Amino acid sequence: MFKKILIANRGEIALRIIRTCKELNIPTVAVYSEVDKDSLHVVFADEAVCIGPAISKESYLKIPSIISAAQVTGADAIHPGYGFLAENAEFSEICGESNIKFIGPSPDMIDKMGDKAFAKSTMKKCGVPVVPGSDGAVADIAEAKKIAEGIGYPLMLKASAGGGGKGMRVVWKEEEMQKAFQTASNEALSAFNNGELYLEKFIENPHHVEIQIVGDQFGNVYSYGERDCTIQRRHQKLIEETPSPIISEETRRKMSEAAILGAKSVNYEGAGTIEFLVDNNQNFYFIEMNTRIQVEHPVTEMVNNIDLIKQQIIVAAGEKITQIPGKPIGHCFEFRINAEDPDNNFRPSPGRIDYLHFPGGFGVRVDSHIYNQYKVPPNYDSLLAKLIIWGSDREHAIARAIRAFEEFAIDGIKTTIPFHMEVLENEKFRAADYDTSFIDKYFAK
Ligand code: MV4
């Protein structure tokens, strides 16, 4: 097992990783930027190293500073969390060359899955259902129009290097293709330095349902079931739940089998997520694979009674997966509490917290790095806390979530708490009658 783990991240996920390391008796090293010197990950880790100024490029994204911090403290492994360097193939490679175990996939796997067009054709080849579309990238507008004739409109242009919605366009008819292709390609070029696009049939009002898998060096791959992440705003997830309220037992089994098949065919090791779109006829289609631990991993942990960070560490150390999935129990939601004003277009709301109270009691978990008088810096993503609610069924979890939000108080800055309380009273949400347009439909302000 590792002697010491450096956590190349900040905020709630840094704390989350430190907690598991402590339970495994593995000493930890935090890294922090100047603006994060009073952060809890710095307090809770055994050691902490300042790696630069507030701006991410010069601290949390600065590979030489992080490698040096690992070397001077004698850390033999690095956990990247999510975001920052988690899916950076170069970082994974440099860790390897420096004799530091990267707790995540090989550089080659990151590259393969980071190219969405390539990942899709890889999955298609091994029998995982994918959205009908171009096989790989399309060369130009003429080719796009030709392929589109075969698939039929409406369809979607997506960036090969994309993910999260950038460089994505719906094309309703052929006349729109030229403009859509140019804007999507330019957007992709400036965002990812790669203007390559691929084509997909447009799935109307889908659910985003993803399968959590973990693989080890011995060829074992297990599925820990799905998360429904359909409640998003501008490709930012706000609420996730498991089990998905819209898939049948049969679809659930088929999706897990497809995810395991896909992961096994690429010899996947570590924690990963296979993302699918599900249409209103229970058809499911692979769209992307994420090679990191995800923000919403706790809902999977709660219903399976497992620790996914622990499995990541065990697998990275070359051991067998210890927590094999059984039958999940109950229902779990995650609500993302962001420093954003839901009454003003979710505008960021950094600043000092001048009163704080976290909810508690049975079935309530709060993953958060904030404390009373903490100053939320404007430099990073706005996630303050995740409220994770377990209930014996969906209705019970909703009742528990409402009572937890009644206990929850964050003063001094605006947060997404009022938004969540409104969603929990929404009849359509309570009836699980929602799709990707839910927030725009009911919460356009
Ligand atoms: C799609 C789609 C419809 N058809 N692909 C992919 C990335 C994710 N952030 C949004 N994505 C979508 N891909 C095809 N072929 C619709 C979406 C989509 C979406 C999907 C799930 C949940 C919310 C969404 C909001 C907007 C668009």
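One can find the structure itself at the top, above this paragraph.
Notes on the structure in this doc start here. Quick caveat, the model's predicted, so the values are computed rather than measured.

Reading the values: rules and limits
Residues numbered from 1 in each chain as written. Predicted model: local features only at pLDDT ≥ 70, side-chain atom pairs only at ≥ 80, totals over all residues. Heavy atoms only, no water. Buried < 20%, exposed > 50% of the residue type's maximum accessible area, 1.4 Å probe, protein only. Helix = DSSP H or I, 4+ residues; strand = E, 2+ residues; numbered from the N terminus. Pairing = 2+ DSSP bridges. Salt bridge = Lys/Arg side-chain N within 4 Å of Asp/Glu carboxyl O. Near = heavy atom within 4 Å. Polar contact = N/O pair within 3.5 Å; in protein donor to acceptor, adjacent residues only side chain to side chain. Areas by Shrake-Rupley, 256 points an atom, 1.4 Å probe, with all protein chains shown as cover. Nonpolar A, V, L, I, M, F, W, Y, C, P; charged D, E, K, R; others polar. Domains from an automatic or database assignment. Axes fitted to C-alpha atoms, helices over the stretch in contact; angles between N-to-C directions. Parallel < 35°, antiparallel > 145°, perpendicular 65-115°, else oblique. Left-handed = near helix turned anticlockwise from the far one by under 90°. Contact = heavy atoms within 4.5 Å. Arc of directions from axis to C-beta.

**Considering the pairing of strand S8 (residues 197-201)**
Reasoning step 1: Counting buried residues in S8 gives four out of five residues, a clear majority hidden from the surface.
Reasoning step 2: Strand direction decides the pairing type here: strand S6 (residues 155-159) and S8, joined by five bridges, are antiparallel. Opposite leucine 157, over in S8, you have leucine 199 as the bridge partner.

**A word on the pattern of salt bridges**
Reasoning step 1: Taken as a whole and judged by the stated rule, the model has 28 salt bridges.
Reasoning step 2: Note that glutamate 241 is salt-bridged to arginine 394, the shortest N-O span being 2.8 Å. With glutamate 241 in strand S11 (residues 236-242) and arginine 394 in helix H12 (residues 394-407), this pair connects stretches of sequence that are 153 residues apart.
Reasoning step 3: A relative accessible area of 1% means that glutamate 241 is categorised as buried.

**Side note on the site of the ligand**
Reasoning step 1: Around the ligand sit 13 residues, and of these Lys158, Glu200, Lys201, Ile203 and Thr436 come closest.
Reasoning step 2: Within the backbone of lysine 201, an N or O atom sits 2.8 Å from a nitrogen atom of the ligand.
Reasoning step 3: A distance of 2.9 Å separates a nitrogen atom of the ligand from a polar atom in the backbone of isoleucine 203.
Reasoning step 4: Protein contacts shield 89% of the accessible area of the ligand, which totals 520 Å² for the unbound molecule.
Reasoning step 5: Only S6 and S8 provide two or more residues apiece to the shell around the ligand.
Reasoning step 6: Of the residues contributing to the shell around the ligand, the split by class is six nonpolar, four polar and three charged.
Reasoning step 7: Counting the residues that make up the shell around the ligand, at least three belong to each of domain 2 (132-201) and domain 3 (207-442).

**Observations regarding the packing of helix H1 (residues 11-23) against helix H11 (residues 308-316)**
Reasoning step 1: In contact at an axis separation of 9 Å, H1 and H11 are set at 65° when each is read in the N-to-C sense. Accordingly, the angle class assigned to the pair H1 and H11 is roughly perpendicular. For H1 against H11, the interelement crossing comes out right-handed. Taking contact as the criterion, the partners of Arg16, Ile17, Thr20 and Cys21 in H1 are, on H11, Leu308, Ile309, Lys310 and Ile313.
Reasoning step 2: Among the residues forming the contact of H1 with H11, the class breakdown is five nonpolar, one polar and two charged.

**A look at unusual backbone geometry**
Reasoning step 1: Going from tyrosine 153 to proline 154, the amide bond is cis rather than trans, its omega being -5°.
Reasoning step 2: Among the secondary structure elements, proline 154 is positioned in the loop between helix H7 (141-151) and S6.
Reasoning step 3: In this structure, proline 243 follows threonine 242 across a cis peptide bond, with omega equal to -5°.
Reasoning step 4: If you check the backbone angles, asparagine 305 has positive phi at about 55° while not being a glycine.
Reasoning step 5: In this structure, asparagine 305 sits in the loop between helix H10 (297-304) and H11.

**So, H7**
Reasoning step 1: For H7, the set of buried residues is Ile141, Ala144, Ala148 and Ile151. Viewed along the axis of H7, the buried residues span an arc of 75°, placing them on a single side of the element. Facing away from the buried side of H7, by more than 90 degrees, are the exposed residues Ala142, Lys146, Glu149 and Gly150.
Reasoning step 2: Residues of H7 that are buried sit in contact with S6, helix H8 (177-192) and S8.
Reasoning step 3: Once H7 finishes, glycine 152 follows within two positions and takes phi at roughly 95°, a positive value.

**Here's the deal with the sheet that holds S6**
Hydrogen bonds along the backbone pair up the strands of a sheet, which may run parallel or antiparallel.
Reasoning step 1: In space, the three strands of this open sheet follow the order S7-S6-S8, with antiparallel pairing throughout. The two strands at the open ends of the sheet, each matched to only one other strand, are strand S7 (169-171) and S8. Here the strands of the sheet are splayed against their neighbours by 30° on average, with no regard to which way each runs.
Reasoning step 2: Relative to S7, S6 runs antiparallel, the two being bridged by three bridges. Looking across to S7, one finds that leucine 157 is bridged to arginine 169.
Reasoning step 3: H7 rests against S6 and S8 of the sheet, and its axis sits at about 15° to S8.

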